[in-house]
Amino acid sequence: MLQFLNYWRILMNLYKKIALGLVAGVALIATGCSKENKEDSSAANIPTKITKKTTVTFWHGMNGGQRAELEKLTAEFEKKNPNIKIKLENQGSYIDLQAKVNSTLQSPNNLPTITQAYPGWLYNAAKSNMLVDLSSYINNSKLGWGSATKSNIRTELLDGAKIQGKQYGIPFNKSIEVLTYNKSMFEKYGIKKVPTTMKELAQVSETIYKKSNHQVIGAGFDSLANYYTLGMKNEGINLTDKVNFTGKDSKKVIDYYAQGMKKGYFTTAGSAHYLSGPFANEKVAMYIGTSAGEGYVKKAVGDKFTYDVAARPGKYTMQQGTDIYMFKKATATQRTAAFKYMQFLTSKSTQLKWANATGYIPVNDSVVKSKEYKENTKTKLPAKLEGAMKHLYSIPVAKNSNAAYSQLDPIMAKILYAAKNGQNVDNQIKAGKAKFDAAWKQ
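Residues numbered from 1 in each chain as written. Predicted model: local features only at pLDDT ≥ 70, side-chain atom pairs only at ≥ 80, totals over all residues. Heavy atoms only, no water.

## So, the confidence of the model for the chain
Where we set the bar: Summary of the metric used: pLDDT quantifies the predictor's per-residue confidence within the range 0 to 100. Whether two residues touch is decided by their heavy atoms; if any such pair falls within 4.5 Å, the residues are in contact.
Taken over all residues, the pLDDT of the chain has a mean of 91, while the share at 70 or more is 90%. Counted against residues more than four places away or in other chains, residues 1-41, with its pLDDT under 50, gives 12 contacts.

In structure tokens:
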């Protein structure tokens, strides 16, 4: 009996020790969670140095020469930061990348540390508290810049990477819309002034169309969604669910393009998606498209004629391209390592290399204004960029704004097809309104 009691006491003491250990473990986990949450809100708790090997996984959609340059710059970063490994994972096209991000949001532990994305893709992720607010990193004087203004990243681009007012993204590969025109053809038909307003664009387009005996179409827009969005913005209306697609201002914007299609001096890119082909073949005198496409234009045009670029007609131009966002699944060390990488990618020296190699615009304003960038004669854009991006606009990030914006291309295509073929445009506008409104409510 005594032996049994002694054995029982030993078991109870052991049980108490295990129980205390479990309580301590739970307390430690709770402390760890509390500490992790504290790191989200307090710059003082952000580690500023990487003292152990840390891997950052980066999902991206860069291909061809852009991918090669990203890999080159990443290797340069890793050489300067030997404790940080950037694991680049190409996801194919933007469509593939968006699909991968959306599907993986259902399993947060499988998300990367950082990803390229448009802010609209991550609206729900931000609502679900899955993204890291980068403000504390930006304002950290030891790790970041001390403030957003000291980063030299253009304010409009930083604002475009916000979701619900929070700085979740850092701008990376950006472009704007510009007017690309056939300078030789302008001289041939006596056009002395490059259009700076939408009214002038229509006038010059019609003049070239008539003087070429209807052999050359004056102009067109690659992105019909951008055309409509900026047309409304120039009327003082932002792209929101309050837009009345059949209203007076909307019809004015639509009618401008529809009249040009009906009379023959405007065209659309159609299934080719880009007007750079018809432009290079001298079938179109000028077009509005992404600045990132100039490299393709230069190659296609060759020595057939002289082309040039200018600011997009109208007050505003669209800024597009992706930002880099960080997911909360990352550890504190990974977050710091990832931010150091983002800071490197947006630095003056890196942005100069990136812009010159890829055709994207520099997100760092000191590069835009620099002599080194402006004197790059490989393309026409650098010398014109500062003046072409005075008023940047980006799609407001709201629930279903991305879906509504995406509907604008097919909606406008049907309306303009009807105008070109003498069909009832009003019926197409009404049908477009139904689809546009439905996209906001889905």
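Right, picking up where we left off after that structure.
## Let's talk about the pattern of salt bridges
Note the following rule: We define a salt bridge as a side-chain nitrogen of Lys or Arg found within 4 Å of a carboxyl oxygen belonging to Asp or Glu.
Counting across every chain of the model gives 18 salt bridges. Lys85 is the partner of Glu78 in a salt bridge, and the nearest nitrogen-oxygen pair spans 3.8 Å. As a salt-bridge pair, Lys162 and Asp159 come within 3.3 Å of each other at their nearest N and O atoms. In the salt-bridge network here, residues are joined through shared partners; they are Arg154, Glu156, Asp365 and Lys369.

## Some remarks on the packing of aromatic side chains
How we decide: Pairs were defined over the aromatic rings of Phe, Tyr and Trp, the Trp ring being its six-membered one, requiring ring centres within 6.5 Å. Orientation was assigned from the angle between planes: stacked under 30 degrees, edge-to-face over 60, tilted for the rest. Accessible area is worked out with a 1.4 Å probe on protein chains only. A residue is then buried under 20% of its type maximum, exposed over 50%, and partly exposed in between. Secondary structure elements follow DSSP: runs of H or I of four or more residues count as helices, runs of E of two or more count as strands, with numbering from the N terminus.
In this structure the tally under the stated criterion is 24 aromatic pairs. Taking the centre distance of 4.9 Å and the plane angle of 40 degrees together, the rings of Tyr181 and Phe186 count as tilted. With a relative accessible area of 3%, Phe186 lands in the buried category. Centroid distance Tyr316 to Tyr393: 6.4 Å. Interplanar angle 65 degrees. Geometry classified as edge-to-face. With Tyr316 in the loop between β8 (307-311) and β9 (317-326) and Tyr393 in strand β10 (residues 392-393), this residue pair connects regions lying 77 residues apart in the sequence.

## Comments concerning the domain arrangement of the chain
Filter applied, for reference: By convention here, the domain bounds are inherited from an automatic or database domain assignment. Simply put, the buried area is the total loss of 1.4 Å probe accessible area from both parts when two parts are fitted together.
Taken domain by domain, the chain comprises domain 1 (54-175 + 320-393) and domain 2 (176-319 + 395-441). On a C-alpha basis, the centroid separation for the pair domain 1 and domain 2 is 29 Å. Contacts between the two partners involve 29 residues from domain 1 and, on the opposite side, 28 residues from domain 2. Note on domain 1 versus domain 2: buried area summed over both sides is about 2500 Å², and carbon and sulfur give 59% of it. Per-residue buried area on domain 1 facing domain 2 is highest for Gln320, Lys380 and Tyr393; these three make up 35% of the total on that side. Applying the counting criterion to the domain 1 and domain 2 interface returns 1 salt bridge.

## Comments concerning the side chain of Thr267
Structurally, the position occupied by Thr267 is in strand β6 (residues 266-268). Not counting chain neighbours up to four residues away, the residues in contact with Thr267 comprise Ile217, Ala219, Gly220, Phe221, Tyr257, Met261, Leu275 and Val284.

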